[in-house]
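This is what each chain is made of:
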Amino acid sequence: MKHDVIVLGAGMVGVGCALHLQALGKRVALVDRRAPGMETSHGNAGIIQREAIAPYALPRGLGFLLSGATNRRVDVRYLARDAVRMLGPLWAYHRNSAPDAYRQITREYETLIALSLETHAQLMNDADAHHLVAGQGYLMLYRSERELHSFFEVADERALDGVNHIKLSSADVAREEPSLVGRFAGAVRWTDPLAISSPGDLVQAYARLFEQRGGALHLGDAGTLRKTDAGGWQVDTAQGPTLEAPQAVVALGPWTTQLTARFGYTAPVIPKRGYHMHYARLPERPLHSTIIDAENGYVIAPMKNGLRLTTGAELANVDSPRAHGQINAAEKLARQSFPLGERVDPEPWMGTRPCMPDMKPVFGAVPGVPGMWCCFGHGHQGVTLGPVTGELRAAMMTGATPRVDVQPFSPGRFR
Ligand SMILES: Cc1cc2nc3c(=O)[nH]c(=O)nc-3n(C[C@H](O)[C@H](O)[C@H](O)COP(=O)(O)OP(=O)(O)OC[C@H]3O[C@@H](n4cnc5c(N)ncnc54)[C@H](O)[C@@H]3O)c2cc1C
């Protein structure tokens, strides 16, 4: 079966790529080994983060390093054997988190985040998916007055770039979320972000739109990708037919470089795994919006399947054995702040944020591999950025002019 483009990976990023290529007139086949949106794009905290104009930097203080070394934090843990192999990329991440480098990276990152809401709004309209928006805005809660006031300054800086917020005192927080039992000094309510009730369902709604518009969705293993004699690409599908196209986009999230490496392109991905668990809601103790306990690094999000508790990052390879210590520790802390009901899931879910040492996603032509494109490395904000990076990369592939400068996100920066 001949197409113009084969997109490999049907997470938020791959589906975003497929839809935008289709909108530019391409016949697109989308291939995944599972149904759309079943991996990292399923299990995240579900926030379309318009406020996240600065990517997630590596904290540079000695206190963080010392407490991180104990491997007992909820916001960051590591599997020692895997983390040792990441030392080079982690060192680059550390350097990129220094003020001057970080300022420049933030300027570039912000150009993508600024387009996140409008690119989602367009797809939500077309896919009739607005019912998946559970609410607007979320609370960033602080326990210490000092941390709260320094975050107020961050919020004021972001306001200069058009990001809206409301500052809340301890009493305001108690009024907005009376079920909170933890003692919080105050909070910032970011008012622009959208909280999604099931991010996996949102990807599936977008994938249905892709099919309604004539796109072909296939189950198949991207590992079967091969070059044809004519210089194009072939990939096998589980249903039988072999797909063929002159161009291929690799959007396999944390698995992307496993495939591109076979064709000679690698990039230093730092896999930050994360866990979630759902808890029953207690009807008399509602949670009205998503909350982040900023100093402890967990999120509680009201979602379709209950209250979803998510952890921070675990530095570990995507395929290494799971370790449930982080989600158990998050649960213990979360229960001290908010009354969660019983666990709903049989076991914790785990997914992997593919993070780059310079905190920016990677999209564009794969250097040295004609006809191969990639779109990955969206780190902490892949739900937010999937559609916008899909739009920009589709423009690059069809000769249209991307709306922002795409050079800072080029795959070639890791050559
Ligand atoms: C705990 C947690 C909380 C998060 N919270 C947020 C948030 O609130 N907001 C936000 O914007 N981001 C958040 N993120 C980040 C976000 O989830 C990711 O950046 C995003 O999902 C990445 O999307 P993706 O499409 O690149 O990858 P994925 O969703 O992982 O998709 C990759 C796809 O490739 C497929 N695949 C892999 N190998 C093969 C193969 N060999 N053959 C065929 N198919 C294959 C997989 O099946 C999968 O469907 C969070 C992440 C975590 C872990």
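Fair warning: this is a prediction, and the values are worked out from it, not measured in the lab. Positions within a chain are numbered from 1, following the residues in the order the chain's sequence is written. Where local features are concerned, this predicted model is filtered to residues with pLDDT of at least 70; where side-chain atom pairs are given and counted, the filter is 80 or more; whole-chain, interface and lining totals use all residues. Excluded from the side-chain calculations are hydrogens and water; all other atoms, namely the structure's heavy atoms, are used.

(A) The site of the ligand, seen in detail. Summary of the distance rule: residues count as near a molecule or strand when at least one heavy atom falls within 4 Å of that molecule or strand. Near the ligand you find 30 residues, and of these D32, S41, I47, A222 and T384 are the closest. In the analysis that follows, any N or O atom pair within 3.5 Å is treated as a polar contact, provided that within protein one partner can donate a hydrogen and the other can accept it, and provided that, for residues neighboring in sequence, both atoms belong to side chains. Interatomic distance of 2.5 Å between a side-chain N/O atom of S41 and an oxygen atom of the ligand. H380 has a polar backbone atom sitting 3.0 Å from a nitrogen atom of the ligand. In the complex, 97% of the free accessible area of the ligand, which totals 1000 Å², lies under the protein chains. Only runs of H or I of at least four residues qualify as helices and only runs of E of at least two qualify as strands under DSSP, and these elements are numbered from the N terminus. Counting residues per element, the ones that place at least two in the shell around the ligand are helix 1 (12–23), helix 2 (40–43) and helix 13 (382–398). Among the elements that take part in the shell around the ligand, helix 13 stands out by supplying three residues, more than any other. Each residue receives one of three labels: charged for Asp, Glu, Lys and Arg, nonpolar for Ala, Val, Leu, Ile, Met, Phe, Trp, Tyr, Cys and Pro, and polar for the others, Gly being one of them. Residues belonging to the shell around the ligand are distributed by class as follows: nine nonpolar, 16 polar and five charged. Computed with a 1.4 Å probe, the accessible areas rest on the Shrake-Rupley method; for each residue, only the protein chains presented here act as cover.

(B) Structural view of the sheet that holds strand 10 (residues 233–236). A sheet is described by the order of its strands in space; here three strands give the open sequence 9-10-11, paired in antiparallel fashion. Both outer strands of the open sheet, strand 9 (226–227) and strand 11 (242–245), are each paired with one neighbouring strand and no more. For two strands to be treated as a pair, DSSP must find no fewer than two bridges joining them. Pairing analysis gives two bridges linking strand 9 to strand 10, with the strands arranged antiparallel. When the bridges of strand 10 are listed, K227 appears paired with W233.

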